[in-house]
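Summary of the model geometry
The chain contents come next:
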Amino acid sequence: MSKTVVINAHGGSDALCLEDRVVGDPGPGEIRIAHRACGLNFIDVYQRSGLYPMTLPHALGMEGAGIVEAIGDGVTHLKVGDRAAYAAQPPGSYCEARVMPAAQVCPLPDEISFEEGAAMMLKGLTVQYLFHRTTPLKKGDTVLFHAAAGGVGLIACQWARSEGITLIGTAGSDEKCQLALDHGAAHCINYRTENFLDKVRELTNGEGVDVVMDSVGADTFEGSLDSLKPLGMLITFGNASGPVPPFNLGLLGPKGSLKITRPSVFTHIAKHQDCQDMAHHLFSKVVSGDVKINIGQTFPLDRIKDAHDALEGRQTVGSTIITL
Ligand code: NDP
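Note that the structure is a prediction, hence the values are computed from the model and not measured. (Residues numbered from 1 in each chain as written. Predicted model: local features only at pLDDT ≥ 70, side-chain atom pairs only at ≥ 80, totals over all residues. Heavy atoms only, no water.)

Counting buried positions along strand 10 (residues 166-171) gives five out of six residues, so the element sits mostly inside the fold. As paired strands, strand 9 (residues 142-145) and strand 10 are joined by four bridges and run parallel to one another. If you follow leucine 144 over to strand 10, its bridge partner there is isoleucine 168. Handedness of the β-α-β unit built from strand 9, helix 3 (residues 151-163) and strand 10 comes out right-handed. (Buried < 20%, exposed > 50% of the residue type's maximum accessible area, 1.4 Å probe, protein only. Helix = DSSP H or I, 4+ residues; strand = E, 2+ residues; numbered from the N terminus. Pairing = 2+ DSSP bridges. Right-handed = clockwise from strand over helix to strand, strands pointing away.)

A word on helix 4 (residues 174-182). Every buried residue of helix 4 is listed here: Lys176, Cys177, Leu179 and Ala180. The arc that holds the buried residues of helix 4, viewed along the axis, is 160 degrees, so those residues lie on one side. Exposed side of helix 4, more than 90 degrees from the buried face: Asp174 and Glu175 are the residues found there. In the stretch just after helix 4, glycine 184 is the one whose phi turns positive, near 115 degrees. (Arc of directions from axis to C-beta.)

Where helix 3 contacts helix 8 (residues 272-287), the axes come no closer than 12 Å and their chain directions differ by 85 degrees. Judged by the angle between their axes, helix 3 and helix 8 are roughly perpendicular. Here Trp159, Ser162 and Glu163 of helix 3 lie close against helix 8, whose contacting residues are His281, Leu282 and Lys285. In the contact of helix 3 with helix 8, the residues fall into two nonpolar, two polar and two charged. (Axes fitted to C-alpha atoms, helices over the stretch in contact; angles between N-to-C directions. Parallel < 35°, antiparallel > 145°, perpendicular 65-115°, else oblique. Contact = heavy atoms within 4.5 Å. Nonpolar A, V, L, I, M, F, W, Y, C, P; charged D, E, K, R; others polar.)

Once that is clear, we can look at the domain arrangement of the chain. In terms of domain boundaries, the chain breaks down into domain 1 (2-122 + 269-323) and domain 2 (135-262). Opposite the 18 residues of domain 1 that make contact, domain 2 presents 21 residues. Between domain 1 and domain 2 the total buried area reaches about 1500 Å² when both faces are included, carbon and sulfur atoms providing 55% of it. Applying the counting criterion to the domain 1 and domain 2 interface returns one salt bridge. Residue glutamate 163 pairs with lysine 285 through a salt bridge whose shortest N-O separation is 2.6 Å. At the boundary of domain 1 with domain 2, the tally comes to 11 residue pairs in polar contact (both at pLDDT 80 or more). Counting residues per element, the side of domain 1 that touches domain 2 draws most heavily on helix 8, at three residues. Within the side of domain 1 that touches domain 2, the residues separate by chemical class into nine nonpolar, five polar and four charged. (Domains from an automatic or database assignment. Buried area = accessible area lost by both parts, 1.4 Å probe. Salt bridge = Lys/Arg side-chain N within 4 Å of Asp/Glu carboxyl O. Polar contact = N/O pair within 3.5 Å; in protein donor to acceptor, adjacent residues only side chain to side chain.)

Under the criterion given, the structure shown has four aromatic pairs. Geometrically, the ring pair formed by tyrosine 46 and tyrosine 52 is tilted, given 4.9 Å between the ring centres and 55 degrees between the ring planes. Tyrosine 46 sits in the buried class, given a relative accessible area of 7%. Three or more aromatic residues link up through ring pairs in this structure, and these residues are Phe42, Tyr46 and Tyr52. Above the plane of the ring of phenylalanine 114 lies arginine 83, whose end atom (NZ or CZ) is 4.5 Å from the centre. (Phe/Tyr/Trp six-rings, centres within 6.5 Å; stacked < 30°, edge-to-face > 60°. Lys NZ or Arg CZ within 6 Å of the ring centre and 35° of its normal.)

Near the ligand there are 28 residues, and of these Tyr129, Lys176, Tyr191, Val265 and Arg314 occur at the shortest range. A distance of 2.9 Å separates an oxygen atom of the ligand from a polar atom in the backbone of phenylalanine 42. Its free accessible area being 900 Å², the ligand has 92% of it covered by the protein chains. Those elements that provide at least two residues to the shell around the ligand are helix 1 (42-49), helix 2 (114-132), helix 3 and helix 9 (304-312). Top element by residues in the shell around the ligand is helix 2. It accounts for three residues. (Near = heavy atom within 4 Å. Areas by Shrake-Rupley, 256 points an atom, 1.4 Å probe, with all protein chains shown as cover.)

Right under this line is the structure:
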């Protein structure tokens, strides 16, 4: 049996229920993993609330780390006893143990703890594809990155620094801005007290930035577009403040032949080898010390509601994990 967090209906954090579930044996292409920690992500909030609808009841959580307990036929990249970590579908990582597809589960280097593994896979693979698989970025380019003190954000700040990219962050308090600066942001704008568009123009001598990485959505979309240089790209990859409203694509021309994309990490990691290669890149950044995984909050499984309230209420910094 495994203590597992499930939702029976979409809703607020009260919808999160802890149940005992039977964990079976892995079938072909699957493994059974005993978690040591699992990671919280804002996508879990969208799935719980129903912004991203799911068939119900459903377990939640898309990131975890632990020990491989059993493997099914055809799994060759893992063996029983391996340390492993993953970002993967279907949701269900908020639990003591689970059976799941093996393709996106990656052997975890000894230098990286289970807690770090659980705190970095979904967020770090996201940063990897944002900086290397979405639009060509090179040393000296300037990126505007919203929510720079969050889980994805603190990894992005350090990743940008390690690649010689100037990252202008935004964050919701002066303390959060300081944290982003400490992690490698070149500048950080408190977008609750300053107009980030004006400030970006000032910081770039009126030119704008090459790329905006926007996971805040509704509140920042317009200012993000207007922060771009001609030919710049807006990567809109999340909806923390609500989904981006319908938009007239015709406006991209007069604004400077701008580009917009709306990617998902799950497209990028869908192929087994791509996922393993991206994870290898992420692990190398962490093992080299270029990227340190900042675990800002840790909760036990039976306080999952408090963990969701903190993440949704903008009370967290860096990554949030559940220890098991
Ligand atoms: P964070 O730790 O970054 O938490 C979200 C942050 O968004 C908050 O801390 C807050 O920071 C900011 N925010 C701005 N407006 C609001 C609002 N109205 N309500 C709540 N928060 C708000 O979360 P994650 O690191 O888990 O994820 C960051 C974003 O990246 C999320 O939007 C997530 O969905 C997206 N994402 C997308 C992926 C993809 O492939 N498309 C994959 C992974 C993540 P502040 O107070 O500083 O404003």
